[in-house]
Amino acid sequence: PTAGDGFLAGVATQAAHIIDPSYHQVDPTHNLYFKAASSVLIMFAGWFVTDWIVEPRLKRLAPGAGYDAAPSLSDLALKPDEKRGLIAAAVVAVVVLGAFAAAVRNEGGPLHGKGLPMLANNTPAPGEREGERWSQVIVPMILLVFMLPGMAFGFVTGVLRTQKDFIDGIYHGIRTIVPVLAIAFFMGQFVNYFQYTGLDRMLAYAGGSLLVSADLPIPLLIVLFVLLVVAGDFAMSGMLSKFGVLAPIFIPMFMMVGMSPELTTAAYRIGDSVVNIITPLNSYLLIILVALQKYNKDAGLGSLISLMLPYSLVFGILWTLFLLAWYWSGYPLGTDAPLEYIPSR
């Protein structure tokens, strides 16, 4: 289980309480069994697509399409300055960790024993509990343990020569998280206004009533929901932000026709995952494109998407069929994670 599982479980619980406040707390392990089995399926599916579709296509394209040969082991070997940089980074890391260990273990050290978080005026922070002193400075500890060895490596290898190089390195790390922060801000506004207006309940009951009257089988609803999430991935990237928008609508709606929130979450995982490699909204797509351009300098987003499209198609079809087979088996998706929803009253 990851932090993302905890977020999905919390949002799913809130969404389920829209129509059934007595519904149990969805656990972070609510899709654990399904995820574990899916990892094996996706591993073999990825091997099949790579070995039988993508690699033969690249062999047909190269060298006419500009794809260079893969680097040899000698090209990937560490250069002498990189070896010296790693040794310097290791020495600095040992010194930093040793300094922290001394500050924690020695009596009278600034991080020894227990204490309360303090405010700028040297008064205890309200509402905080006493704890280990080192745990109160865990963020700067992590910062220094990673930054100082990295700086040592950069100085020895010549990557960091000036203050501008250092700033550029920090900016490069932060730049990848900026889209997430921007999306999180607007997602928070949307979710709060959505709940304030009552549209979540209105759409849930209206859509649920429509589904009840349509009498669609649950397997068909699973397939349609996966396709809906796939389409949504081209309008809003990010597993957590998209689930925060869709869950308050579709989890209550599907509960009205007998689908558990855990089953809806499993279907959501499939739709959100299979097109990450081809949606232009994926913040990491440009990083992947840079890796591709190491072997084909003329490659663009079109080249990348065309190469990765077989993965999305095969993963989407096989994984959806796997979820349908899991549903028909009746086996729970995880701990305390039923497939069907039975109202408590």
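Residues numbered from 1 in each chain as written. Predicted model: local features only at pLDDT ≥ 70, side-chain atom pairs only at ≥ 80, totals over all residues. Heavy atoms only, no water.

1. What about the packing of aromatic side chains?
So, point 1. By the definition in use, this model includes twelve aromatic pairs.
So, point 2. Ring plane angle 45 degrees and centroid distance 6.0 Å describe the contact between Tyr 33 and Tyr 331, whose orientation is recorded as tilted. Of this pair, Tyr 33 sits in helix α2 (residues 32-61) while Tyr 331 sits in the segment after α13 (301-329); the two residues are 298 residues apart in sequence, bridging distant segments of the chain.
So, point 3. Ring geometry for Phe 225 and Phe 250: centres 5.3 Å apart, planes at 50 degrees, overall tilted. Here Phe 250 lies in helix α10 (residues 239-255) and Phe 225 lies in helix α9 (residues 218-232), a separation of 25 residues in the sequence. Each member of the pair Phe 225 and Phe 250 is classed as buried.
So, point 4. A connected cluster of aromatic rings, assembled from ring pairs, spans Tyr 33, Phe 34, Phe 322, Trp 326 and Tyr 331. (Phe/Tyr/Trp six-rings, centres within 6.5 Å; stacked < 30°, edge-to-face > 60°. Helix = DSSP H or I, 4+ residues; strand = E, 2+ residues; numbered from the N terminus. Buried < 20%, exposed > 50% of the residue type's maximum accessible area, 1.4 Å probe, protein only.)

2. Here we look at the pattern of salt bridges
So, point 1. In the structure shown here, the tally under the stated rule is six salt bridges.
So, point 2. Between Asp 5 and Lys 35 there is a salt bridge, with the nearest N and O atoms lying 2.8 Å from each other. Separated by 30 residues along the polypeptide, Asp 5 in helix α1 (residues 3-16) and Lys 35 in helix α2 bring together distant segments of the chain.
So, point 3. Take Asp 5: its relative accessible area is 2%, and that puts it in the buried class.
So, point 4. The exposure class of Lys 35 is partly exposed, given its relative accessible area of 30%.
So, point 5. The salt bridge involving Lys 242 is made with Asp 272; its shortest N-O contact spans 2.7 Å. Residue Lys 242 is located in helix α10, and its partner Asp 272 is located in helix α11 (residues 261-273); the two are separated by 30 residues in the primary sequence.
So, point 6. Residue classification places Lys 242 among the buried residues on the basis of a relative accessible area of 3%.
So, point 7. Members of the salt-bridge network, linked through shared partners, are Asp 5, Lys 35 and Arg 269. (Salt bridge = Lys/Arg side-chain N within 4 Å of Asp/Glu carboxyl O.)

3. Considerations on the environment of Val 92
So, point 1. Here Val 92 is to be found in helix α4 (residues 80-105).
So, point 2. With 59 residues separating them in the primary sequence, Val 92 and Met 151 have C-alpha atoms 9.4 Å apart.
So, point 3. When neighbours within four sequence positions are excluded, Val 92 is seen to be in contact with Leu 148, Pro 149 and Ala 152. (Contact = heavy atoms within 4.5 Å.)

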